[in-house]
Structure formats: structure tokens, C-alpha cells
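What follows is the residue order along each chain.
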Amino acid sequence: MKEKRAVLPGEEVAVVEEFIPGEGTYEENGKILSALFGELELDLDEKIASVVAKNPPVTLKIGDAVFAEVTDVRNSMAICEIIAVEGEERNVTGDTSATIHISKVSSAYTQEVGRELRPSDVVRAKVLQVKPSVQLSTVGPHLGVVLALCKRCRAPLKKKNKALYCATCDRTENRKTSDDYGEVKF
Ligand SMILES: [Zn+2]
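Not measured: the values here are computed from a predicted model. (Residues numbered from 1 in each chain as written. Predicted model: local features only at pLDDT ≥ 70, side-chain atom pairs only at ≥ 80, totals over all residues. Heavy atoms only, no water.)

Student: How do you make sense of the domain arrangement of the chain when you look at a structure like this?
Tutor: Often, the extent of an interface is quoted as the loss of accessible area upon association of its parts. Each assigned domain of the chain is listed with its residue range as follows: domain 1 (2-53) and domain 2 (65-144). Each of domain 1 and domain 2 was reduced to a C-alpha centroid, and the two centroids are 42 Å apart. (Domains from an automatic or database assignment.)

Student: Just checking my understanding: could you explain the coordination of the zinc ion for this structure?
Tutor: Each pair of donors in an ideal four-coordinate tetrahedral metal site encloses 109.5 degrees, whereas pairs in an ideal six-coordinate octahedral site enclose 90 or 180 degrees. The zinc ion binds to the protein through Cys150 (SG), Cys153 (SG), Cys166 (SG) and Cys169 (SG), with metal-donor distances spanning 2.3 to 2.4 Å. Metal-centred angles of 102 to 113° between the 4 donor atoms at the zinc ion mark the site as tetrahedral. The sequence pattern describing where the donors of the zinc ion fall on their chain is C-x2-C-x12-C-x2-C. Taken together, the positions of Cys150 in the loop between strand E13 (144-147) and strand E14 (158-160) and Cys169 in the loop between strand E15 (163-166) and strand E16 (171-173) put the pair 19 residues apart, joining distant regions of the chain. (Donors = N, O, S within 2.8 Å, 3.2 Å for Na, K, Ca; no water. Tetrahedral: all angles 85-135°; square planar, octahedral: opposite > 155°, others 65-115°. Helix = DSSP H or I, 4+ residues; strand = E, 2+ residues; numbered from the N terminus.)

Student: Whenever I open this one, the environment of Glu69 confuses me. Can you help?
Tutor: Tracing the sequence through the fold places Glu69 in strand E8 (residues 65-73). By relative accessible area, Glu69 is classed as partly exposed at 33%. Along the primary structure Glu69 and Asp121 are separated by 52 residues, whereas in three dimensions their C-alpha atoms are 5.7 Å apart. Setting aside anything within four residues of it in sequence, one finds Glu69 in contact with Ile79, Cys80, Glu81, Ile83, Ser120, Asp121 and Val122. (Buried < 20%, exposed > 50% of the residue type's maximum accessible area, 1.4 Å probe, protein only. Contact = heavy atoms within 4.5 Å.)

Student: In this structure, what is going on with the pattern of salt bridges? I would like to understand it.
Tutor: Side chains carrying opposite charge are able to pair once their charged atoms draw close together. Counted according to the given criterion, the structure contains 10 salt bridges. Two residues, Lys4 and Glu41, come together in a salt bridge whose shortest N-O distance is 3.7 Å. Linking Lys4 in strand E1 (residues 2-7) with Glu41 in strand E6 (residues 38-43), this pair joins segments that are 37 residues apart in sequence. One salt bridge in this structure joins Asp121 and Arg175, with 2.6 Å as the shortest N-O distance. In this pair, Asp121 sits in the loop between strand E10 (97-101) and strand E11 (122-129) while Arg175 sits in the segment after E16, placing the two residues 54 residues apart along the sequence. Side by side, Asp121 and Arg175 carry an identical accessibility label, which is buried. (Salt bridge = Lys/Arg side-chain N within 4 Å of Asp/Glu carboxyl O.)

See the structure below:
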């Protein structure tokens, strides 16, 4: 027989007189504590207490660096879909659609959003606002496009001088790139 419930890290889940500390737990002063956010399993036959990790989704916070794919470009903004919070493998919870206003694309004056960001580009952006809508910024050297595809042949563009270049088509495109364009692994 097994008894299950959700537990928090550090939460007391059993005592050593009654249970053996199993996976996802640790022992402290005769108590068994959960090491994880997860689901406690008390195996009543084997007398083992263990906790299985839950992988709770990430909630966006102001200041987070995120990766997002540009899905549409309008006159005054780019519309994006957030893929992940940088450094987190967990999924993002809630609303993943976001916008980058024309004034938040670059520290230089942006005449047209479409000259700096294009649909299907992947950008690293900073979260400026979470509610009522997610607003992102690509202002700053480490923010901006990290991966862009050639408009004509869809091959990944390579950084060449200050522009992006497609060797197949022998043409360049302009973007507001991040300082590590082309080096980000997903
Ligand atoms: Zn091309």
C-alpha cells in the first residue's frame, strides 16, 4: 500500500523510527525531510519514504532573460512566443505570447521593427512587464537575435561584420543581434 501527497523541499515527511529515508529525501535529527518539490510516496509495506520530483513550470518574472521566437512583425512592435526562461529546462506556465515595442528593440533609433527583427528569428530578451501582457526588451549588447534564417533559402545566417550573411544566396540581412549570435544551444 502506498500513500501519496505533494510536499515541499525541507518538509518533514516521516520519522526514522517508522520509515527508511528513500530517494528524494534526507535525514535530520531522526526526521525524514523532503529534498525536493514533488510527490511523497510512503510505501507502507516496505516502510520506505521517497519523493518524486514534480518539475513545476516556471512563472515569468520581471528581469528574467527569456528566449522567444518572433511570430509576427507589425509597425510598432514584434509579436513573440516565449520558448524558455534562460537557464531553466522547465516549461513556462501561463501566457507565453509577448510583444517587443519598437522603442524596446535597440538602444539606437529603430525606424522599422522589420529591419531589426523578422518572423522565425529567435531572440534573447528581458522581461519588462508580466501583467496585463508580457512585454520584452532586446535593448543591450547581450540581447537581440541569437538565431535567424535566410529569408530566401531558410538556412541559418552567419554573422559577418555587423550583418548576417547567407553563403548559399550570397546576400546579407540586417538584424538587431545579440553579442553571442549563432553560439546559443537550445
Ligand atoms: Zn539563403
